[in-house]
Amino acid sequence: MNLDSKIPAGPLNEKWSKHKFNLKLVNPANKRKYDVIVVGTGLAGASAAASLGELGYNVKAFCFQDSPRRAHSIAAQGGINAAKNYQNDGDSIYRLFYDTIKGGDYRAREGNVHRLAEVSVNIIDQCVAQGVPFAREYGGLLSNRSFGGAQVSRTFYARGQTGQQLLLGAYSALNRQISNGKVKMYNRTEMLDVVVVDGKARGIITRDLVTGKIEAHAAHAVLLCTGGYGNVFYLSTNAKGSNVTAAWRAHKKGALFGNPCFTQIHPTCIPVSGDHQSKLTLMSESLRNDGRVWVPKTAIKGLKAADAVRIPETDRDYFLERRYPSFGNLVPRDVASRNAKYVCDEGRGVGTTGLAVFLDFSDAIKRDGRHVIEAKYGNLFDMYRQITGDNPYEVPMMIYPAVHYTMGGLWVDYNLMTTVPGLYALGEANFSDHGANRLGASALMQGLADGYFIIPYTIGDYLAGMSWEKMSTDRAEFKEAITNVQQRVGKMLQIKGAKTVDQLHRELGLTMWEYCGMSRSESGLLTAKKKIQELKTEFWSNVNILGSANELNQELEKAGRVADFIELGELMVDDALNRSESCGGHFREESQTPDGEALRKDDQYAYVAAWEYKGENQPEELHKENLVFENVKLTQRSYK
C-alpha cells in the first residue's frame, strides 16, 4: 500500500496557502446537495459540524452522550496555544512549529505541524467572536501563561475551565446550525460500524442507546471526531465513556492505524487511592507555572502533605529544577512524568503508597498573594480539596503521572482523509500533529484547527469529484453491516460467563500500564502480548452481560468497547515491540543515554508506523510513512 501524505511541495510557510488555492471547490448551490456525517461532538466534531452546516452542507451529527456539551473536551483545563506573541517575548508561528516538532520528539510531519501553528492565530479570534471568556490583563488584552516545553507565554486560558468554555462556544455555533435545519443532531446514539460502498465510506451503522434500535445512515462522506483511546489502560484521565470503537471499526474496514503505541502520560494527576477507582482526575499542567515539584532528599515513608510543610528547604529535592535548569518545572509532560517515576522508584515518593510527588505553591503564594493564585487556579484548588481533603493553599498537592491523551490514531493524509476514501478523522482520533508526545495546550488547538479551518477546505476537494446523488440504505452493503452488528451484539449477550466487563477491563488496563506504559522492554511487551491474547479468549467465553439488546443497557455498551480495547491493546503492544527506540513518552529500557534520558534511533525509526488490519486473529501488516525533515535538524532533545 502506498501511503501518500499529500504534503504540498514548496516552502514550509507557503504549503497551506498554496494547497488551499489548488483544492477543488463546491459552489454554494451544490453544497446543499451533499450529506456529511459527523461522529462525535467534542471540539473537533462540533466545530466541523457547525462550519460545514454554515457552508451549506447537510450534516448529521452523532454523539453517545445526552448532549454535545458532555463531550470529553469539556474536561480540558489549562489552555490553548496560539502564536499571537501578545507578550512580545519572542514567540512566532515558526517558534510554535519548532516547539511542537521538538516536543513530539521529531515524529510528526513538518507540513501538518506548521499548518497547525499557522491557523492557531485564527482560532483565538474565532473563539473571542463567539464569546469565549478568555482571561484578560488589567488593560483588557488577552492574557497568556506558559506551558511545558516552551520558553514563551502563548497559552490562552479561561481560568481552569478552558475546554468547557471553548466547547460552549463550538456548541453555540452547532446549535445555530441545528436551529437553521442544516445539522440534524442524534444524541444517545453510538456508531458501531462504517459502511463502505465501491471502496468509499458512504455511511455508518448506529445503535440507539435508549431503545437499542440498530439503524443505517447514508452520506457522501463520514467524519470521525471521536477522541482518543486512553481508556485502554482502564485508569486514565478520560471520561469513562471515551472509547476507541468508532476508530477501531473503521480500522477493520480498511483505515490504517498510525502509531498506536504513542500514548501520553500526564505528570500532574491525583494519585491512585485504591482499587475502588474507575478513573483518575487531572490537575492542569498550568499549575506548573507556579507550583514547584519536589520530594525529600532522603526517603520518608508515608510522608503526608500536612507534614511536608515542616521539612526545611535544605532537605527538599526540587528535582526538575535541578536536572533541567533552563525549563525547570515547565519541562514537557513526558520528561516530567519519567522523572517523577524515577524518584518514586528510588523510594523517595510520598503519600501512603509512595507513588506521588509534591506540587507546592507556598513560594508563589508568598510572592504574589493568595488572591492572585486563587484568581488563576481557584476552581482547580477547590476540586483538589474536594477529592483529597487537603487544602493546597496551606499544604502541597500530591501528584503522579497517569494516562491522559493518545497521539496515535487513524492514519490521515494532509487533507485529514484516512486510507478509506471519503472517511476522515479529526482531532485526537487521528495521529497527525503531535508525534511521540503532545505538548500541553495543543489538543484544544488541534481539535478546533481541524474543525474550523482545515476540513471545510479539504472536504470540498473530495466532494467536488463526486455525484451528489444520494445513496439508499436499502443497498446490500448497509443490510450486511446491520446484520453483522446485530450478530456481534447477540453473541456477546449469549455468553453468560462469570466475569463482569469491568473486571476484564481492569485486567487489560493493569497489563497495559505495567508493560506498555511509561517504561517498556522487549521481554515485558512479549509477556503483555500473551496476557492480552488470553484475555481476549476469556472475554469471548466468560464475560457476563446482564439485560437485553432492545433497552438501555450500559453493560452492553461497555462490553462492545472493551472488546475493541482488547484488540487495540494487542496492536499497541505489537507497535511498541516494533519501535525499539525511546521516543517521547515511550521509554524503551534497551535504548537510553548514559544519564538515563530517552535515546531515539533516527536512522531506523523516523517514520509513521501505519498498521493494516488483515483479518480476525491475523497479524497486522506494517506500512511505513517516512518522515522528511527539511526545516528542522534532528537533534537529541535537551531541556537542560
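Model, not experiment: these values are computed from the prediction.

What counts, and at which threshold
Residues numbered from 1 in each chain as written. Predicted model: local features only at pLDDT ≥ 70, side-chain atom pairs only at ≥ 80, totals over all residues. Heavy atoms only, no water. Helix = DSSP H or I, 4+ residues; strand = E, 2+ residues; numbered from the N terminus. Rg over C-alpha atoms; globule rule 2.2 N^0.38 Å. Buried < 20%, exposed > 50% of the residue type's maximum accessible area, 1.4 Å probe, protein only. Contact = heavy atoms within 4.5 Å. Polar contact = N/O pair within 3.5 Å; in protein donor to acceptor, adjacent residues only side chain to side chain. Pairing = 2+ DSSP bridges. Axes fitted to C-alpha atoms, helices over the stretch in contact; angles between N-to-C directions. Core = buried A, V, L, I, M, F, W, Y, C linked by side-chain atoms within 4.5 Å. Domains from an automatic or database assignment. Disulfide = S-S within 2.5 Å. Phe/Tyr/Trp six-rings, centres within 6.5 Å; stacked < 30°, edge-to-face > 60°. Lys NZ or Arg CZ within 6 Å of the ring centre and 35° of its normal. Buried area = accessible area lost by both parts, 1.4 Å probe. Salt bridge = Lys/Arg side-chain N within 4 Å of Asp/Glu carboxyl O. Nonpolar A, V, L, I, M, F, W, Y, C, P; charged D, E, K, R; others polar.

## Digging into the overall build of the protein chain
Along its length, the protein chain carries 18 helices and 21 strands. Its C-alpha atoms give the protein chain a radius of gyration of 24 Å, within 12% of the compact-globule value 26 Å for 640 residues. For the C-alpha atoms alone, the extent of the protein chain along its principal axes is close to 75 × 60 × 50 Å. Considering the protein chain as a whole, with its 640 residues, one finds that 62% of them fall into the buried category. Considering only contacts in the protein chain between residues 6 or more positions apart, those separated by 24 or more positions represent 75%.

## Here we look at the side chain of K84
Within the element layout of this structure, K84 appears in the loop between strand 3 (80-81) and helix 4 (93-103). A polar side-chain atom of K84 sits 3.0 Å from the main-chain carbonyl oxygen of V121. Apart from the residues within four sequence positions on either side, K84 is in contact with V121, I124, D125 and F156.

## Things to note about the sheet that holds strand 16 (residues 409-410)
Spatially, 16-10-20-21 is the arrangement adopted by the 4 strands of the open sheet, whose pairing is antiparallel. Every other strand in the sheet has two partners, leaving strand 16 and strand 21 (621-626) as the edge strands with one partner each. Across 6 bridges, the pairing between strand 20 (residues 607-612) and strand 21 is antiparallel. Paired with E612 across the two strands is E621, which belongs to strand 21. This element, helix 17 (residues 554-578), spans strand 10 (257-258), strand 20 and strand 21 of the sheet and lies at about 140° to strand 20.

## Focus on the side chain of E190
Structurally, E190 can be placed in strand 6 (residues 189-197). Residue E190 is classed as buried on the basis of its relative accessible area of 6%. Setting aside anything within four residues of it in sequence, one finds E190 in contact with F64, I205, T206, R207, L209, N243, E557 and R561.

## Points about the nonpolar core
Across soluble globular proteins, you tend to see nonpolar side chains buried next to one another. By size, the foremost hydrophobic cluster in this structure holds 193 residues, and its most contacted members are I80, L223, Y424, I459 and L463. Each of domain 1 (267-403) and domain 2 (490-605) gives at least three residues to this core. Residues contacting I459, with those up to four places away along its chain left out, are V36, L52, Y57, A221, L223 and Y424. Among the nonpolar cores identified, the runner-up in size contains 6 residues, and L235, L280, L282 and A402 belong to it.

## Overview of the state of the cysteines
Summed over the entire model, instances satisfying the criterion amount to 0 disulfides. There is no disulfide at C261, and the cysteine sulfur nearest it, in C516, is 6.1 Å away.

## A few points about the packing of aromatic side chains
The tally for this structure, following the rule as stated, stands at 21 aromatic pairs. Centre to centre, the rings of Y86 and F156 are 5.6 Å apart; their planes meet at 80°, and the pair counts as edge-to-face. Highlighted residues: Y86 in the loop between strand 3 and helix 4 and F156 in strand 4 (residues 155-156), separated in sequence by 70 residues. Owing to a relative accessible area of 39%, Y86 belongs among the partly exposed residues under this scheme. Judged by its relative accessible area of 0%, F156 falls in the buried class. Among the aromatic side chains, those forming a connected cluster through ring pairs are F361, Y377, F381 and Y393. Positioned above the aromatic ring of Y414 is the side chain of R115, whose terminal nitrogen or guanidinium carbon lies 4.0 Å from the ring centre. Here R579 stacks its cationic end above the ring of Y607, 5.2 Å away from the centre of that ring.

## Digging into the domain arrangement of the protein chain
With domains assigned, the protein chain is organised as domain 1 (267-403) and domain 2 (490-605). Using C-alpha coordinates to define each centre, domain 1 is positioned 29 Å away from domain 2. If you look at the interface, domain 1 gives 13 residues, while domain 2 gives 11 residues. Around 900 Å² of area is buried between domain 1 and domain 2 when both sides are counted, 52% of it from carbon and sulfur atoms. If you look at where domain 1 meets domain 2, you find 1 salt bridge. Note that R323 is salt-bridged to E597, the shortest N-O span being 3.2 Å. For the side of domain 1 that touches domain 2, the secondary-structure elements that each account for two or more residues are helix 10 (333-345) and strand 15 (397-406). Across the side of domain 1 that touches domain 2, the residue classes tally to 6 nonpolar, 2 polar and 5 charged.

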